[in-house]
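Descriptive structure summary
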Amino acid sequence: MADQASPQHLFADVLARVHAVCGALATEGRWSAGIDLSRVVVEPPRDPAHGDVATNAAMVLTRQAKTKPRDLAEQIAARLRADDLIASVDIAGPGFINLTLKASAWSEALRTVLREGSSYGRRSAMGAGEKVNVEYVSANPTGPMHVGHGRGAVFGDALANLLIFAGYDVVREYYVNDAGAQVDVLARSAHLRYREALGENIGEIPEGLYPGEYLKPVGQALAATYGDKLLKMPEAEWLPIVRAKAIAMMMEEIEGDLAALNIRHDVFFSERSLIEGGTDQVAATIEFLRGKGDVYEGRLPPPKGAPVEDYEDREQTLFRATAYGDDVDRPLKKSDGGYTYFASDIAYHKNKFDRGFHNLVDVWGADHGGYIKRVEAAIKAVTSGKATLDVKVVQLVKLLRSGEPVKMSKRSGDFVTLREVVDEVGKDAVRFMMLYRKNDAVLDFDLAKVIEQSRENPVFYVQYGHARGHSVFRNAREVVPDLPEEAGARAAFLAEAAVERLTDPAELDLLRRLALYPRTIEAAAAAHEPHRIAFYLYDLASEFHAQWTRGRDLPYLRFIINNDAGMTKARLALVQGVVSVLASGLAVLGVHAPDEMR
RNA sequence: GCGCUCGUAGCUCAGCUGGAUAGAGCAUCGGACUUCGAAUCCGAGGGUCGGGAGUUCGAAUCUCUCCGAGCGCGCCA
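Values in this document were obtained by computation on a predicted structure and should not be read as measured data.

Right, let's get into the protein's contact with RNA strand B. Residues in close proximity to RNA strand B total 74 residues, the closest being R46, K334, Q453, Y461 and W548. The protein-proximal atoms of RNA strand B, defined as those within 4 Å of the protein, are 61% sugar or phosphate. Between RNA strand B and the protein, one listed contact pairs a base oxygen with a side-chain N or O atom of R519 at 2.9 Å. Every element with two or more residues in the surface near RNA strand B is listed here: helix 2 (57–60), strand 4 (96–101), helix 8 (181–197), helix 16 (458–476), helix 19 (517–527) and helix 20 (531–553). Looking at the surface near RNA strand B element by element, the count peaks at 11 residues for helix 20. When the residues that make up the surface near RNA strand B are grouped by side-chain class, the tally is 29 nonpolar, 19 polar and 26 charged.

Written as structure tokens, this is what we have:
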């Protein structure tokens, strides 16, 4: 246990020590057999007066120990007092055990930050190399991406980064919906643009086809490749050709939009590939489920709520979703004999499982929320409960400009695209803002505010913190001339500083905040919530800015002390810790950490 | 009608999977620039955590029930 309690994670270290004490108490025979420590946690108390670390051990173990919380706390405290990391222990309230750590613990924590650099906070043991499939974006290849897609894209990408940092083996995946009726509509729309490119006057785009101008290049490309050959073919012949070309060009555009946000997927999985190329995986999956008794022919009651126009009561092929927690059984085949989207989706998720992924994360738009239960049901059925699926629903984005809604008319096909927004405000602003909100909360995205350089704009505020740290380094060379330029060398140099001299309460707060980073990574990764990193970085930057300004009124608190190179180096070590963690967290979010803001 | 998500300061939102006196920004009011970057900081006021009940040492957090908002509800994806 003591070996695993590496100092790279101070809170994990303390927790291990608390666990050890509780375990020892238990095995000394006073408790009934078996001890469950899973609910014992350590955390920083809200009120600093309560010490550095608090644990609820006595309270959550009171039943197992058959001892009153305060009495149990006394027993645990007595042993913790002997710990060489702990300066003092006291018991408060209903049985909290408050620990004050020795000052050396914080000095050591800072040295750890400096020593590990960009690896600090990495939680390799958490994921332990386990495979995770994160599927995100998966926008239909029928047009350019809008801002809502962008949010899912950024969220999925940051989550993938986060899980990698937490030690998982992550594959970033995009499900290309290239098989349904929508891509046929796309093909017909593109065919129209093709005729237009050949000089025909096509007039108004008919109802039901995609009117957007973005299909014009597809028409031109087809004209350039095929001349008028496609005109002479019947639709059944030209449609697959036009469809393939249109999808390819749309995907190229989408990948370009994603690249502008530094998003790159490892796998683009084609829905069509499930049914083409030899084996029909959808049919195979349906038969697999039929063999388990989870597929049958039957009738469904008519849908409630909004009446369905052309409702027709008929027998159909159904998946027994109700056996796995869904509300109704779900159809797998359409009346025209084709598979439903759901049927393909089951096969797709089974395919992921068969590729060795037992941890699945899907990132969906809010309008797909009603779809979650049936997919969860399907995954249970198809993997016999051996896979976990976490569906992250990303809420919609309200685009504003200085508080006023930006008009979007979808009907004309003329809407604000993701690319336009990225071009206007930059990828860093888009990425950070989309992560500076919980995924299931509606996001107001104000185009004017995100390029503002003020505290109101968290992107700027955090980046400025990083730049400001570098500004200190630049100025510090007058006192510490041999301060290295390169980050790794600088960190190594500063790790030798007398960091014990950092004793100001606000400095210790900063050290505590830095020590919290690995814990924040772990919690955010476990919850699949990258926004926690964004908020952590904001808090860290805030404390750093505050300490900077404090030096204005109280010169002895400045980072650079002209006649004391030793103290300056200690303070620079603190600044380096802050800069390093800001850079690390920003990297997880995929946001650039600039050395200066000018 | 059913399901999912949400409801926290005037506004926009956090709240570390059940912890101690519920936090931040904006807005309001009052302060700090012969400066390591004032692009920043400090302080003040502001709350029945939508209402009610339950679970337990302890609830904004878990359960139930109302109220309100958004999304969805065979053969679209």
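In spatial order, the strands read 7-6-5-11-12; together these 5 strands make up an open sheet with parallel pairing. Strands with a single pairing partner mark the edges of an open sheet, and in this sheet they are strand 7 (267–270) and strand 12 (388–394). Across the sheet, the mean angle from the axis of one strand to that of its neighbour is 25 degrees, orientation sign disregarded. Relative to strand 11 (residues 359–365), strand 5 (residues 131–135) runs parallel, the two sharing 4 bridges. Following the sheet pairing, N133 is matched in strand 11 by L360. Against the sheet, helix 7 (residues 147–165) makes contact with strand 5, strand 6 (169–176), strand 11 and strand 12, and its axis sits at roughly 160 degrees relative to strand 6, the strand it touches most. Helix 10 (residues 235–259) rests against strand 6 and strand 7 of the sheet, and its axis sits at about 140 degrees to strand 6.

Attention now goes to the environment of S270. Looking at where S270 falls in the secondary structure, it is placed in strand 7. For the pair S270 and Y175, spaced 95 residues apart in the sequence, the C-alpha separation amounts to 6.1 Å. In this structure S270 touches V176 and D178, once residues within four positions along its chain are discounted. At a separation of 3.1 Å, a polar atom in the side chain of S270 contacts the main-chain amide nitrogen of R272.

Mean pLDDT over chain A: 90, with 96% of residues reaching 70 or higher. Here the predicted complex scores 0.95 on pTM and 0.95 on ipTM.

Segmentation of chain A into domains returns domain 1 (2–101), domain 2 (181–254), domain 3 (397–451) and domain 4 (454–589). Using C-alpha coordinates to define each centre, domain 3 is positioned 31 Å away from domain 4. Between domain 3 and domain 4, the contact holds 12 residues from the first and 13 residues from the second. Interface area lost by domain 3 to domain 4 is led by F432, L435 and Y436, which between them contribute 54%. Inspection of the region where domain 3 meets domain 4 yields 0 salt bridges. Residues belonging to the side of domain 3 that touches domain 4 are distributed by class as follows: 7 nonpolar, no polar and 5 charged.

Between side chains of opposite charge, a pair can form as their charged atoms come close. Applying the stated criterion to the full structure yields 36 salt bridges. Between R79 and E28 there is a salt bridge; the shortest N-O distance is 2.9 Å. Of the two residues, R79 is situated in helix 4 (residues 69–80) and E28 in helix 1 (residues 10–30); the sequence distance between them amounts to 51 residues. The exposure class of R79 is partly exposed, given its relative accessible area of 31%. On the basis of relative accessible area, E28 is assigned to the partly exposed category, the value being 43%.

Let us look at the packing of aromatic side chains. Aromatic rings in a pair are described by how distant their centres are and how their planes are angled relative to each other. Tallying each qualifying case throughout the model produces 19 aromatic pairs. Aromatic side chains Y175 and Y348 sit 3.9 Å apart centroid to centroid with 5 degrees between the ring planes, which places their arrangement in the stacked category. On the criterion of sequence distance, the pair formed by Y175 in strand 6 and Y348 in helix 12 (residues 341–354) is long-range, its members being 173 residues apart. When its relative accessible area of 0% is taken as the criterion, Y175 is described as buried. When the centroid spacing of 6.0 Å and the interplanar angle of 85 degrees are considered together, the rings of F342 and Y371 count as edge-to-face. Of the two residues, F342 sits in helix 12 while Y371 sits in the loop between strand 11 and helix 13 (372–383), which places them 29 residues apart along the sequence. For the pair F342 and Y371, one class covers both residues: buried. Aromatic rings pair up to connect Y175, F269, F319, Y324, Y341, F342, Y348, W364 and Y371 into one cluster. Over the face of the ring belonging to W106 we find R512, whose NZ or CZ atom lies 5.5 Å from the ring centre. Directly above the ring of F11 sits R519, whose terminal nitrogen or CZ lies 5.6 Å from the centroid.

Conventions we followed
- Residues numbered from 1 in each chain as written.
- Chains lettered and ligands numbered in written order.
- Predicted model: local features only at pLDDT ≥ 70, side-chain atom pairs only at ≥ 80, totals over all residues.
- Heavy atoms only, no water.
- Near = heavy atom within 4 Å.
- Polar contact = N/O pair within 3.5 Å; in protein donor to acceptor, adjacent residues only side chain to side chain.
- Helix = DSSP H or I, 4+ residues; strand = E, 2+ residues; numbered from the N terminus.
- Nonpolar A, V, L, I, M, F, W, Y, C, P; charged D, E, K, R; others polar.
- Pairing = 2+ DSSP bridges.
- Axes fitted to C-alpha atoms, helices over the stretch in contact; angles between N-to-C directions.
- Contact = heavy atoms within 4.5 Å.
- pLDDT = per-residue confidence, 0-100.
- Domains from an automatic or database assignment.
- Buried area = accessible area lost by both parts, 1.4 Å probe.
- Salt bridge = Lys/Arg side-chain N within 4 Å of Asp/Glu carboxyl O.
- Buried < 20%, exposed > 50% of the residue type's maximum accessible area, 1.4 Å probe, protein only.
- Phe/Tyr/Trp six-rings, centres within 6.5 Å; stacked < 30°, edge-to-face > 60°.
- Lys NZ or Arg CZ within 6 Å of the ring centre and 35° of its normal.

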